[in-house]
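Now for the letters of each chain:
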Number of protein chains: 2
Amino acid sequence: MALAKNEFELNHRVTYYEADPTGQVSPAMLINMVIEVSEAQSQSLGVGTDVVLQSGGGWVVTNYEIDIKKLPKQGDQVVLGTRATAYNRYFALREFWVRSLDGDEYAHISSMFVYMNLSTRKMVEIPEQIIAPFQSEQVKRIPRLTKPQQIDETDETTEKEYLVRYFDIDSNRHVNNAHYFDWMLDALSAEFLTTHQLTKMVIKFEQEVRYGETVQSQVTRPDQTQNDQLFTIHEISLDGDVHAIANCWWSKESV
Amino acid sequence: MALAKNEFELNHRVTYYEADPTGQVSPAMLINMVIEVSEAQSQSLGVGTDVVLQSGGGWVVTNYEIDIKKLPKQGDQVVLGTRATAYNRYFALREFWVRSLDGDEYAHISSMFVYMNLSTRKMVEIPEQIIAPFQSEQVKRIPRLTKPQQIDETDETTEKEYLVRYFDIDSNRHVNNAHYFDWMLDALSAEFLTTHQLTKMVIKFEQEVRYGETVQSQVTRPDQTQNDQLFTIHEISLDGDVHAIANCWWSKESV
């Protein structure tokens, strides 16, 4: 398939350790797989993590909007793709797709990135030399991704706690965002997770969590519906402060 | 490179999510990677997990003995290899290697497997039709792997707790053994883990743990030495019962 100049693809065979108990790729691993293709694109354009770090900054993802038609299974040959869609001074919109070799899309993911000064931990303008190689479209206004709805005081919720582990940290020395998906979804019951299919998820990262901290993962009871789908609201908090919010939509069909 | 009839290899590119904070493959991911190649070998010989499950049984690993020269890094192209070395009525010895494209070995792993009847959860004779395709050598006596030393009452230890999560379960509906490595090593400090190199690890699995259980990971203080290397003893317990024991040897050089 012909790729546009701002697109990049990578072949991948789904391993058994990327699959959940139902044999399908877990949402955390889906995110890991697509971040891998964007790392590969950055590397191929000479603006990989090593180069970015030398600029004293780093890319930080603030939002994902994930649409799932079907999750690939263990052993499947898939194509991971990405496109640096558009950017302005502060925001970069990146799309990802996971497709079969025949071109059928499994999942499509939109993501918003900002650029952080690693010394001040503050958001700064995206350096021209870091973004230029992606041949992304420079725009005035970036389309906003869907903002997840927060848990309401009146919602019944369940909660689990997770200790941030050494191996949750990636080679950028930050907690890999993919772990938020495991913390969020594990707060639902195994019975629910094995009998429902995640069809859409929107997530917003508010603040980082650090090694050694214990986060609370809170989820609403999976009995609300939206557009004929079950709807759950997820929050990751630390000492009462919300660090990430997500909404999930589920189809009732068994997987 | 020419492979013997009982050998099988697979190419693999190390992803960023298989790497630890130092950019090297984590021990858990090393195990995941080699189990992946044995799954691929089994599949290619027509005795993959689906066929094995139809026999009413399943392979269970009891021990690993892991020798590490050097851990591959994120982005490295490696070759994962395995050999069904030898077996008798109850035990099957399998070797794994991770090597560079040039043939330099990163790590060599010996493992012992038994066969379990899935209804009774008891060890049974290895079915001939399950083992035959591997062209493994049938022997009277299987060489024993190194037995890890247990924590002594007088050892000073530290301990952390881990909740067994939904996504810790693999598509065989059991906790993926690789997670024991994360639980065991995370009980050491980040300061220790970032400044020491794991050179050898022996682990013995005694009993399964299950979804929803909270395990204790206990480790001795990393100040004992053996053969000029730092030596740690690890135990995973549940309500005081030991479910897995491991010993690790570490070189003091920074990674």
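Residues numbered from 1 in each chain as written. Chains lettered and ligands numbered in written order. Predicted model: local features only at pLDDT ≥ 70, side-chain atom pairs only at ≥ 80, totals over all residues. Heavy atoms only, no water.

Colleague: How do you make sense of the overall build of chain A when you look at a structure like this?
Modeller: Looking only at helices and strands, chain A features 5 helices and 13 strands. In terms of overall dimensions, chain A is globule-like: its C-alpha atoms have a radius of gyration of 18 Å, near the 18 Å expected for 255 residues. Its C-alpha atoms give chain A principal-axis dimensions of about 50 × 45 × 35 Å. Burial status across chain A gives 57% buried among its 255 residues. Counting only contacts in chain A whose residues sit at least 6 apart along the sequence, the fraction spanning at least 24 positions is 71%. Accessible surface for chain A amounts to roughly 11300 Å². Of this, 46% is attributable to carbon and sulfur atoms. For chain A, the centre of its 23 positive side-chain charges and the centre of its 37 negative side-chain charges are spaced 5 Å apart. (Helix = DSSP H or I, 4+ residues; strand = E, 2+ residues; numbered from the N terminus. Rg over C-alpha atoms; globule rule 2.2 N^0.38 Å. Buried < 20%, exposed > 50% of the residue type's maximum accessible area, 1.4 Å probe, protein only. Contact = heavy atoms within 4.5 Å. Areas by Shrake-Rupley, 256 points an atom, 1.4 Å probe, with all protein chains shown as cover. Lys, Arg positive; Asp, Glu negative; His and termini not counted. Charge placed at Lys NZ, Arg CZ, Asp CG, Glu CD.)

Colleague: What should I look at first to understand the interface of chain A and chain B in this one?
Modeller: Interface extent is often summarised as the accessible area lost during association of the parts. Counting residues at the interface gives 43 residues for chain A and 43 residues for chain B. In total, about 4000 Å² of surface goes out of reach between chain A and chain B, with carbon and sulfur atoms giving 56% of it. The residue E36 of chain B makes a salt bridge to R13 of chain A at a minimum N-O spacing of 2.7 Å. Counting residues per element, the ones that place at least two in the side of chain A that touches chain B are β1 (7–13), α1 (27–44), β8 (157–163), α4 (178–186) and α5 (190–195) of chain A. In terms of residue count, the dominant contributor to the side of chain A that touches chain B is α1 of chain A (7 residues). When its residues are assigned to classes, the side of chain A that touches chain B shows 22 nonpolar, 11 polar and 10 charged. (Buried area = accessible area lost by both parts, 1.4 Å probe. Salt bridge = Lys/Arg side-chain N within 4 Å of Asp/Glu carboxyl O. Nonpolar A, V, L, I, M, F, W, Y, C, P; charged D, E, K, R; others polar.)

Colleague: What's the story with the pairing of strand β10 (residues 214–220) of chain A in this structure? I'm lost.
Modeller: The side chains of a regular strand alternate between the sheet's two faces. Residues and elements named next belong to chain A. Of all 7 residues in β10, 6 are buried, a share of seventy percent or more. Here β10 runs beside strand β12 (residues 229–238); their pairing, made up of 4 bridges, is antiparallel. Bridged to S217 within β12 is I236. (Pairing = 2+ DSSP bridges.)

Colleague: Any chance you could explain the environment of A4 of chain B here in plain terms?
Modeller: Residue placement: A4 of chain B occurs in the segment before β1 (7–13). Accessibility expressed as a relative area gives 39% for A4 of chain B, which makes it partly exposed.

Colleague: What am I meant to see in the relation of the copies chain A and chain B here?
Modeller: Mapping between the two chain copies consists of a rotation about an axis together with a translation along that axis. Under the fitted operation, chain A is carried onto chain B by 0.0 Å of movement along the axis and a turn of 180°, and the coordinates agree to an RMSD of 0.0 Å. Both copies of the chain, as the preceding transformation shows, are related through a two-fold rotation axis. Minimal C-alpha distance to the rotation axis in chain A is attained by Y162 of chain A, lying at 4.1 Å. Here 100% of the contact residues of chain A are again contact residues in chain B; the copies associate through an equivalent surface. (Least-squares fit on C-alpha atoms with pLDDT ≥ 70 in both.)

Colleague: What exactly am I supposed to notice about the side chain of H196 of chain B here?
Modeller: Residue and element names in this part refer to chain B. As for its placement among the helices and strands, H196 is situated in the loop between α5 (190–195) and β9 (197–205). Taking the relative accessible area as the measure of exposure, H196 reaches 14% and is therefore buried. In terms of polar contacts, H196 uses its side chain to reach the side chain of T195, at 3.1 Å. (Polar contact = N/O pair within 3.5 Å; in protein donor to acceptor, adjacent residues only side chain to side chain.)

Colleague: Is there a simple way to think about the packing of helix α1 (residues 27–44) of chain B against helix α4 (residues 178–186) of chain B in this case?
Modeller: If you want to describe how two helices pack, look at the angle between their axes and the distance between the axes. Residue and element names in this part refer to chain B. Direction vectors running N to C along α1 and α4 enclose 170°, while the axes themselves pass 8 Å from each other. When the axes of α1 and α4 are compared, the pair comes out roughly antiparallel. Residues P27, A28, I31 and N32 of α1 form the contact with α4, whose participating residues are A178, F181, D182 and L185. Classifying every residue of the contact of α1 with α4 gives 6 nonpolar, 1 polar and 1 charged. (Axes fitted to C-alpha atoms, helices over the stretch in contact; angles between N-to-C directions. Parallel < 35°, antiparallel > 145°, perpendicular 65-115°, else oblique.)

Colleague: Where do I start with the pattern of salt bridges in this structure?
Modeller: In a structure, side chains of opposite charge can pair up when their charged atoms sit close to one another. Applying the stated criterion across every chain yields a total of 26 salt bridges over all chains. Here E7 of chain A and R83 of chain A are joined by a salt bridge, their closest N and O atoms 2.8 Å apart. Of this pair, E7 of chain A sits in strand β1 while R83 of chain A sits in strand β3 (residues 77–87), and the two are 76 residues apart along the sequence. One salt bridge in this structure joins E65 of chain B and K200 of chain B, with 3.1 Å as the shortest N-O distance.

Colleague: In this structure, what is going on with α4 of chain A? I would like to understand it.
Modeller: Given 3.6 residues per turn, any residue in an α-helix points the same way as the ones three and four places further on. Across the 9 residues that make up α4 of chain A, a large majority, 9, are buried. Every buried residue of α4 of chain A is accounted for by A178, H179, Y180, F181, D182, W183, M184, L185 and D186 of chain A.

Colleague: Help me understand the pairing of strand β2 (residues 57–68) of chain B in this model?
Modeller: All names here are of chain B. Extensive coverage of β2 is indicated by the burial of 9 of its 12 residues. Inspection of the sheet shows β2 paired to strand β5 (residues 105–117) by 11 bridges, in the antiparallel sense. Within β5, the residue paired with I68 across the bridge is A107. Looking at chain direction, β2 and β9 are connected through 5 bridges and run antiparallel. Residue Y64 lies in a different strand from β9, and its bridge partner there is I203.

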